[in-house]
Amino acid sequence: SLVVLPTPLGATGLATCYDLRFPEMFRRLLDSGSETFLIASGWPALRIEHWAVLNRARAIEDQCWVVACNGAGTHNGVMLGGRSVVVDPRGTVVAEAGSDEEILFVDVDTAIVHEWRRAFPVLADRRL
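Below: a short report on this structure.

The rules behind these values
Residues numbered from 1 in each chain as written. Predicted model: local features only at pLDDT ≥ 70, side-chain atom pairs only at ≥ 80, totals over all residues. Heavy atoms only, no water. Phe/Tyr/Trp six-rings, centres within 6.5 Å; stacked < 30°, edge-to-face > 60°. Buried < 20%, exposed > 50% of the residue type's maximum accessible area, 1.4 Å probe, protein only. Pairing = 2+ DSSP bridges. Helix = DSSP H or I, 4+ residues; strand = E, 2+ residues; numbered from the N terminus. Axes fitted to C-alpha atoms, helices over the stretch in contact; angles between N-to-C directions. Contact = heavy atoms within 4.5 Å.

What follows covers the packing of aromatic side chains. Tallied over the entire structure, the rule returns four aromatic pairs. Ring centres of Trp43 and Trp51 lie 5.7 Å apart, and the angle between their planes is 50°; this geometry places the pair in the tilted category. Grouping residues by exposure puts Trp43 and Trp51 together as buried. Considering the side-chain rings of Trp116 and Phe120, the 5.5 Å spacing of their centres and the 35° angle between planes classify their relative orientation as tilted.

Here is the structure:
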């Protein structure tokens, strides 16, 4: 079930790492009012470039903030990729961790979501 909660990051849709591969899920979170997607992850280092691309894609196509937290180190014998990231609604990476544990500090301004959606109203042109 999809979850969108009011948080200091605005209306926040919750997701996990595997969910990144399903853009239709993020579109439903968007339709439920999301301004930010918060993604908890255990993404393996082997496919870390997918992680980077998919986080930016979800931000760009839904015009939302993406705050994606990935594990670092080894879990159950799998090397995790780290590279937690914050992406703005235009797809710009505003902060990115390395492959080790790291804390990121970012001011997430949800007004940017609405400004960008007004400036580039692509979501109104969706057709399915």
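From this point, the narrative continues.
In this section: the sheet that holds strand β8 (residues 93–96). Reading across the sheet, the six strands line up as β1-β2-β3-β4-β7-β8 and stay open at both edges, with mixed pairing between neighbours. Of all strands in the sheet, those with a lone pairing partner are β1 (4–7) and β8, marking the two edges. Pairwise comparison of adjacent strand axes, ignoring direction, gives a mean angle of 20° for this sheet. In terms of strand pairing, strand β3 (residues 36–41) meets strand β4 (residues 65–70) through six bridges, oriented parallel. Paired with Ala40 across the two strands is Cys69, which belongs to β4. The strands that helix α2 (residues 48–62) touches are β3, β4, β7 (85–87) and β8; relative to β4, the one it contacts most, it runs at about 160°.

Right, let's talk about unusual backbone geometry for a bit. Even without a glycine there, the phi angle at Asn76 is positive, about 50°. With respect to the helices and strands, the residue Asn76 is situated in the loop between β5 (72–75) and β6 (78–81). A residue is classified by how much of its surface remains accessible, and Asn76, at 72% relative accessible area, is exposed. Positive phi, close to 60°, is recorded for Arg83, a residue that is not glycine. Position of Arg83 relative to the elements: it lies in the loop between β6 and β7.

Turning next to the pairing of β6. On a regular strand, each side chain points to the face opposite its neighbour's, so the side chains alternate between the two faces of the sheet. Sheet analysis places β5 next to β6, joined by four bridges and oriented antiparallel. Paired with Ala72 across the strands is Gly81, a residue of β6. Counting the residues between successive antiparallel strands, the hairpin from β5 to β6 contains two residues, one of them, Asn76, with a positive phi of roughly 50°.

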